Amino acid sequence: MKKNLIIVTVVVLAIAAMGYIGLLKHGSDKYDFRFDKVSSGDLSVYVTATGTISAVISVDVGTQVSGIITKLYADFNSIVKEGQVIAQLDTTFLYQSLKDAEAGVYKAQAQLDDSKRNLAREKILLDKSLESQLNYDAALTTNESNEAALKSARATLDRAKIDLAYATIIAPINGVVVNRAVNVGQTVASSFSSPTLFTIANDLQRMQVQTTVDESDVGMVSIGQQGTFTVDAYPDETFNGTVSQIRLAPQSIQNVVNYIVVIDVNNDQLKLMPGMTANVKILVASAKNVMKVSNMALRFQPPAEIVDTTGAGPRNDALSGRSGGNVDTSRMGQNLPAAPGHAASGPGDRNQVGQNTGSGKFQALEGDVKRYQRIKDSIQAAHGGVLSQEELRAELRKRFASQTSSGYTSSVVKTPKPNTSGNAANFGIISTFPEYQKSAYVPSHQSGKGRVWILKSGGSLTQVFVRTGLNDGRYTEITSPKLKPGDQIVLGATPHNDSGSGAASNPLASQGQGRPMGGLR
């Protein structure tokens, strides 16, 4: 009896062991995986916005006197020059005001002459003691008052002449009339504000695009960056411009804070017209020949049952930024991001401290350790030797980030910015103050951390930590010594389900959630 029980127990254990081994061996049969490859290429990061095309200098021509428009010498699209007459107001009442002012001057002059003669008589009588001092002082006061009245009358006459001159409207600048707001016979009143008669654009061969950039994107925009845009009038043509100004005044549009970014555009062909809507793309950063992966690969979170936990330990020091109480110089190669365009660096790479041993680990070189120690000592000396370990690690990361940033292109043009204010000096805009400019965008500050998943031969997934860089919305730049272009990575896992529900692992969902995986790339 005992012998039979032992035999049955052994058989059950054997079957259980075989089932467990088969489950491990055929774990991949429970899931359908979607793959992608690590690729190599260029990345460009753009900030998109919508703006309106306008002339660099546009003047609204008004009138300072009221009256009826009697003549118009300019119409829409008229090319005018500074000083030319473009409109005429009725001068009937203005002439009458001028004659009234002239009569006022004659009257004041007559009163002044009379007071002078009276003052002279009072002076003679006072000298002969035939007149009192009181009467003489009164005559003197009357004479001084008449002098002031004459000056006031002359000022009134000058004002009447100026008003009459204002009835003739002249062009203040050279340009093109882009808008005419009045017609002949129309009455304009300038009681409270000057009415607009014409709008003149100075030079339509130089235009600008005023875009509204969201506050989440304006930090990446810098003076001198290149921008491209299209307009609906020419959908197949791309126009180029340069960021010339980032205005500080915020604009709240539907509770979203925006800032105006001005882009200067050359319009030699006169295709662009004021008021056109421009769909703008500003190139803020680019990287050449870098490793990149699909964003879905970085978002993918596999179910726990297919994750290989063998040998899983603390996160790589290169990604966590922690290495215990002291900086671990034996892993310095992982603490420094590789230069863009290099999947893994060799012993001769200045941006990589250490060498690859061939097993995915790095071993620091003696010369690199000494250089690393010198950098530490120089940072401590610059701060008086009072930096804590955390502060020291932060300064080291800044130092090495600046060394590796040379692989990025911030797309800021080094040529001088067009001096719009200098061209506008003839119109009263004379810039005598330095211009405020926000800090420039540094692409290397966009580096971060992430991980991708690789399918092992046993059907389980193992994670590979990577350092991320530029992200163009579809692909993300990565650097890792364990990956190279052409390696397969997992984008998603769809479990077999006999019920036909088609549940899958969503790369956007948390671990273990079974939902259909979308994400067509």
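As the structure is a computational prediction, the values presented were derived from the model and not from experiment.

Conventions used here
- Residues numbered from 1 in each chain as written.
- Predicted model: local features only at pLDDT ≥ 70, side-chain atom pairs only at ≥ 80, totals over all residues.
- Heavy atoms only, no water.
- Pairing = 2+ DSSP bridges.
- Helix = DSSP H or I, 4+ residues; strand = E, 2+ residues; numbered from the N terminus.
- Phe/Tyr/Trp six-rings, centres within 6.5 Å; stacked < 30°, edge-to-face > 60°.
- Buried < 20%, exposed > 50% of the residue type's maximum accessible area, 1.4 Å probe, protein only.
- Lys NZ or Arg CZ within 6 Å of the ring centre and 35° of its normal.
- Patch = residues over 30% accessible without salt bridge, like charges linked within 9 Å, V, L, I, M, F, W, Y side chains within 5 Å.
- Areas by Shrake-Rupley, 256 points an atom, 1.4 Å probe, with all protein chains shown as cover.
- Salt bridge = Lys/Arg side-chain N within 4 Å of Asp/Glu carboxyl O.
- Lys, Arg positive; Asp, Glu negative; His and termini not counted.
- Contact = heavy atoms within 4.5 Å.
- Polar contact = N/O pair within 3.5 Å; in protein donor to acceptor, adjacent residues only side chain to side chain.
- pLDDT = per-residue confidence, 0-100.
- Expected span 1.5 Å × (residues − 1).
- Core = buried A, V, L, I, M, F, W, Y, C linked by side-chain atoms within 4.5 Å.

Asker: Kindly report on the sheet that holds strand β5 (residues 79-80), identifying the contributing residues and their values.
Answerer: Taken in spatial order, the four strands make up an open sheet running β3-β10-β8-β5, and their pairing is antiparallel. Both edges of this open sheet fall to β3 (58-62) and β5, since each of them pairs with a single strand only. Note: strand β8 (residues 175-180) against strand β10 (residues 196-201), four bridges, orientation antiparallel. Counted as the bridge partner of R180 is F198 from β10.

Asker: Any details on the packing of aromatic side chains? Residues and values, ideally.
Answerer: One pass over the full model with this rule turns up four aromatic pairs. Each ring, one from F33 and one from F35, has its centre 6.2 Å from the other, and the planes form 45 degrees; the classification is tilted. Residue F33 is classed as buried on the basis of its relative accessible area of 15%. A residue is classified by how much of its surface remains accessible, and F35, at 35% relative accessible area, is partly exposed. Each member of the aromatic cluster is reached from another via a ring pair, and the members are Y31, F33 and F35. Between the NZ or CZ atom of K271 and the centre of the ring of Y234, over which it lies, the distance is 5.5 Å. Positioned above the aromatic ring of Y46 is the side chain of K281, whose terminal nitrogen or guanidinium carbon lies 4.4 Å from the ring centre.

Asker: An account of unusual backbone geometry is requested, with residue identities and associated values reported.
Answerer: Positive phi is not limited to glycine here, since S129 has a value of about 65 degrees. Here S129 shows up in the loop between α2 (92-127) and α3 (133-166). Judged by its relative accessible area of 66%, S129 falls in the exposed class. Residues other than glycine seldom take positive phi values, yet Q254 does so here, at roughly 55 degrees. For Q254, the location among the structural elements is in the loop between β13 (234-253) and β14 (256-266). On the accessibility criterion, Q254 (75% relative accessible area) is exposed.

Asker: Quick rundown of a nonpolar patch on the surface? Include the residues and the values.
Answerer: Taken together, the side chains of Y73, V85 and I170 present a nonpolar region at the surface, about 280 Å² in accessible area. Structurally, the position occupied by Y73 is in the loop between β4 (67-72) and β5.

Asker: Describe the side chain of E122, naming the residues involved and giving the relevant values.
Answerer: Structurally, E122 is set in helix α2. Of the side chains with opposite charge, R121 lies nearest to the buried E122, which makes no salt bridge, at 6.4 Å. Setting aside anything within four residues of it in sequence, one finds E122 in contact with E131, N135, Y136 and A139.

Asker: Tell me about the environment of D203, and please be specific about residues and values.
Answerer: Position of D203 among the secondary structure elements: in the loop between β10 and β11 (206-214). Counting along the chain gives 148 residues from D203 to A55, while the straight-line C-alpha distance between them is 6.9 Å. Within polar-contact distance, the side chain of D203 engages the backbone nitrogen of Q205 at 3.1 Å.

Asker: Mind laying out the sheet that holds strand β9 (residues 187-188), listing which residues take part and the relevant values?
Answerer: Taken together, four strands build an open sheet; the order of strands is β7-β6-β4-β9 and the sheet is antiparallel. Either end of the sheet is taken by a strand with one partner, and the two such strands are β7 (168-170) and β9. Pairing of β4 with β9 involves two bridges; the strand directions are antiparallel. Bridged to G67 within β9 is V188.

Asker: Could you give an account of the confidence of the model for the protein chain, naming the residues involved and the relevant values?
Answerer: For the protein chain, the average pLDDT comes to 78, and 71% of its residues sit at 70 or higher. Confidence, expressed as mean pLDDT per element, reaches its minimum in the protein chain at helix α6 (residues 332-335) with 39 and its maximum at strand β6 (residues 85-89) with 96. Considering only residues more than four positions removed or in separate chains, one finds that residues 507-521, a stretch of pLDDT under 50, has 44 contacts.

Asker: Kindly report on α3, identifying the contributing residues and their values.
Answerer: In a regular helix each residue adds 1.5 Å, so 34 residues correspond to 50 Å; α3 covers 50 Å between its end C-alpha atoms and thus fits that length. For α3, the complete set of buried residues consists of Y136, A139, N143, N146, L150, A153, L157, A160 and L164.

Asker: Outline the nonpolar core, supporting the account with residue identities and numerical values.
Answerer: Ranked by internal contacts, the top residues of the largest apolar core, which has 32 residues, are I53, F229 and I282. At the level of secondary structure, the elements contributing two or more residues to this core comprise β2 (39-55), β11, β12 (226-231), β13, β14 and β15 (277-294). Considering each element in turn, this core owes the most residues, seven residues, to β15. If we ignore the near neighbours within four places in the chain, the residues touching F229 are I53, V209, E237, T238, F239, N240, V265, L272, A278, N279 and V280. Counting residues in each nonpolar core, the second largest holds 29 residues, with L98, A160, I173 and I200 among its members.

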